[in-house]
Amino acid sequence: MEIGARTYEIRTYGCQMNVHDSERLAGLLEDAGYVRAGDAEPDVVVFNTCAVRENADNRLYGNLGHLRPVKDGHPGMQIAVGGCLAQKDRDTIVERAPWVDVVFGTHNIGSLPVLLERARIQDEAQVEIEESLVTFPSTLPTRRESPYAAWVSISVGCNNTCTFCIVPALRGKERDRRPGEILAEVEALVADGVLEITLLGQNVNAYGSGFGALASAPREVREMTGDGQSAFAGLLRACGGVDGLERVRFTSPHPKDFTDDVIAAMAETPNVMPSLHMPLQSGADPVLRAMRRSYRQERYLGIIEKVRAAIPDAAITTDIIVGFPGETEEDFEQTLHVVREARFSGAFTFQYSKRPGTPAATMDGQVPKEVVQERYERLVALQEEISWEENKKRLGHTLEVLVAEGEGRKDGATRRLSGRARDNRLVHFQAPDEPVRPGDMVTVEVTYAAPHHLVADKPVAGVRRTRAGDAWEARQGAAAPKGVSLGMPGIGRPAVSAVQAGSSSCSTCS
């Protein structure tokens, strides 16, 4: 650690977009001379907040309260609050927690180092919220947490008006990056050793709409859509042409924009993974109408059917809200019907809770808590049963697994390592005799299935050392061992990161 350098820690809550933004915040701070705090008490703590999850504000102010005595005993310590809750609450944050030094919003994350310095010099809180995007986050410096997998933001904002969601008001209208910029970032990541990218957007498959009318869109967009395909399908195919890129994912799409050409691009582009997160929210047409979701049950199940036909082994996950205002027992049964028909490999399930500032918060027919809880438990039980049945179908299958860092919490005790299969299923596997590193590939046979993971306890059939594994090893420094085997930190349970993700199952709100 550089002598005298100020240290930082970032605490992240919410969706993948926030995780991506936190990597940018870390890059900005390190570019400004800050260093990661490690085990020491940090000089700067940054909260990157979420306004979607229930009790998000209580959680933030509780954490800020815990930090107050720490700050009192740490001269020069600064606290910054950013993200969606900061965009929403603004000056309220320093009114409720006057020991906060900086408040910044979703549109100006690049201002953080300047605001911290201004707050230090002027000895007063700095609140700076912009109403529109100042700089596209992906143009800012970054400090990626993973050397083998990376987020690539293709758009920010959302043009939808779902009645339960506050995000469009906080992230703004959709703005898209030019395809050339996206592909240049992907190629640079691959050159650094990355094997897997996830294309990221609030409504990722609406990509292209941010350019307006096609006639006035950039030439590269017109060329990408020249044969009638959507811009997003064209982007997926273009990623397929990036040499050395082995896995492409995307999140989160919206059913209304999920076209047949996107399904074809997924099926026909070898490095696009057989993995799809397709938010449902509700299976009942009246509830979907009240949510202002512009599709209905028949349309949704039609998409699932087409995906299954084109990509038979696709693992499909979803988001579901239980107890939306006005939801009847009959409506809920329709949701269970869709779950049975779609046979999701997994689902992020939520009990509806009011979000101030959203139309749903003032709707009639708020469902009693005890009813919501009972329905929620039935939904979870059904989905657990289906997830287990679907995972059992993988017994005996041979899978290629990308060895991951921090995926298996019990790996040290079970003498296993962990990673993700091509369809994004979590796989715990027997550690091979030869050392493997995060970012390497292993070939394993599934011997056991649980609802949320697979186990491969037979000897590993093969190990493929990769550029990503080399990149991981290079991060460990010159003294790092040639590989990582059981008992070494970094496999199974990583060292505490300066960018800590909060416990959230949020998707990016599509």
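Residues numbered from 1 in each chain as written. Predicted model: local features only at pLDDT ≥ 70, side-chain atom pairs only at ≥ 80, totals over all residues. Heavy atoms only, no water.

**A word on the overall build of the protein chain**
For clarity, the cut-off: Strands are runs of DSSP state E lasting at least two residues, helices are runs of H or I lasting at least four, and both sets are numbered from the N terminus onward. Throughout, radius of gyration means the C-alpha value; the globule benchmark is 2.2 Å times the number of residues raised to the power 0.38. Here, two residues are considered to be in contact whenever any of their heavy atoms come within 4.5 Å of each other. Every accessible area reported is derived by Shrake-Rupley at a probe size of 1.4 Å, with residue values counting cover from the shown protein chains alone. As used throughout, the charge tally considers Lys and Arg to be positive and Asp and Glu to be negative, leaving His and the chain termini uncounted. Where a charge lies is defined by one atom per residue type, namely NZ (Lys), CZ (Arg), CG (Asp) and CD (Glu).
When helices and strands are tallied, the protein chain shows 16 helices and 22 strands. Here the protein chain has a C-alpha radius of gyration of 23 Å; the compact-globule value for 510 residues is 24 Å, and the two agree. Restricting to contacts in the protein chain with at least 6 residues of sequence separation, those with at least 24 account for 76%. A total of about 21200 Å² of accessible surface is found on the protein chain, and carbon and sulfur atoms cover 49% of it. Taking the average place of the 58 positive charges on the side chains of the protein chain and the average place of its 70 negative ones, the gap between the two points comes to 1 Å.

**Remarks on the nonpolar core**
Applicable threshold: Remark: nonpolar core denotes a set of buried residues (Ala, Val, Leu, Ile, Met, Phe, Trp, Tyr, Cys) joined through side-chain atoms within 4.5 Å. Burial classification: accessible surface area is computed with a 1.4 Å probe over protein chains only, and a residue below 20% of its type maximum counts as buried, one above 50% as exposed, and the rest as partly exposed.
Membership of the largest hydrophobic core comes to 58 residues, with the highest contact counts inside it found for Ile197, Leu199, Phe232, Leu236, Phe250, Phe258 and Met266. Looking at which element gives the most residues to this core, the answer is helix H9 (residues 231-239), with six residues. For Met266, the contacting residues outside a window of four places in its chain are Leu236, Phe250, Phe258, Val272, Met273, Ser275, Leu276 and Ile311. Within the second largest apolar cluster, 24 residues are counted, among which are Val45, Ala51, Ala97 and Val103.

**Regarding the packing of aromatic side chains**
In plain terms, the rule: Under the pairing criterion, centres of Phe, Tyr and Trp rings, with the six-membered ring standing for Trp, must be within 6.5 Å; the plane angle then separates stacked pairs below 30 degrees from edge-to-face pairs above 60, leaving the rest tilted. To sit over a ring, a charge needs its Lys NZ or Arg CZ within 6 Å of the ring centre and within 35 degrees of the ring normal.
What the rule picks out here adds up to six aromatic pairs. For the pair Tyr207 and Phe211, a centre-to-centre distance of 5.9 Å together with 85° between the ring planes defines the contact as edge-to-face. As far as the burial class goes, Tyr207 and Phe211 line up, both buried. Summarising the aromatic geometry, the rings of Phe324 and Tyr352 are spaced 5.4 Å apart at their centres and angled 70° between planes, so their arrangement reads as edge-to-face. Taken together, the positions of Phe324 in the loop between strand E13 (315-322) and helix H13 (329-342) and Tyr352 in the loop between strand E14 (346-351) and helix H14 (369-392) put the pair 28 residues apart, joining distant regions of the chain. Here Phe324 and Tyr352 have matching classes, each one buried. Three or more aromatic residues joined by ring pairs make a cluster, and in this case those are Phe164, Phe324 and Tyr352. Its end group placed over the ring of Tyr61, Arg96 keeps NZ or CZ at 3.7 Å from the ring centre.

**So, the sheet that holds E14**
Operational definition: Two strands qualify as a pair provided DSSP detects at least 2 bridges between them. All axes here are fitted lines through C-alpha atoms, helices being fitted over the stretch that makes contact, and every angle between N-to-C directions spans 0 to 180 degrees.
Pairing in this open sheet of three strands is parallel, and the strands run E12-E13-E14 from one edge to the other. Unpaired on one side and paired on the other, strand E12 (275-277) and E14 mark the two borders of the sheet. If you compare each strand with its neighbour and ignore which way they point, the axes differ by 10° on average. With six bridges connecting them, E13 and E14 associate as parallel partners. Bridged to Val322 within E14 is Gln351.

**Some points on the sheet that holds strand E10 (residues 196-200)**
The sheet built from three strands is open, its strands ordered E7-E10-E11 with parallel pairing. Since the sheet does not close on itself, it has two edges, and those belong to strand E7 (149-153) and strand E11 (247-251), each with one partner. For this sheet the average axis-to-axis angle between neighbouring strands, irrespective of direction, equals 25°. With five bridges joining them, E10 and E11 adopt parallel strand pairing. When the sheet's bridge partners are listed, Glu196 is paired in E11 with Arg247. Sheet contacts for helix H1 (residues 16-31): E7, E10 and E11; angle to E7, the most-contacted strand, approximately 100°.

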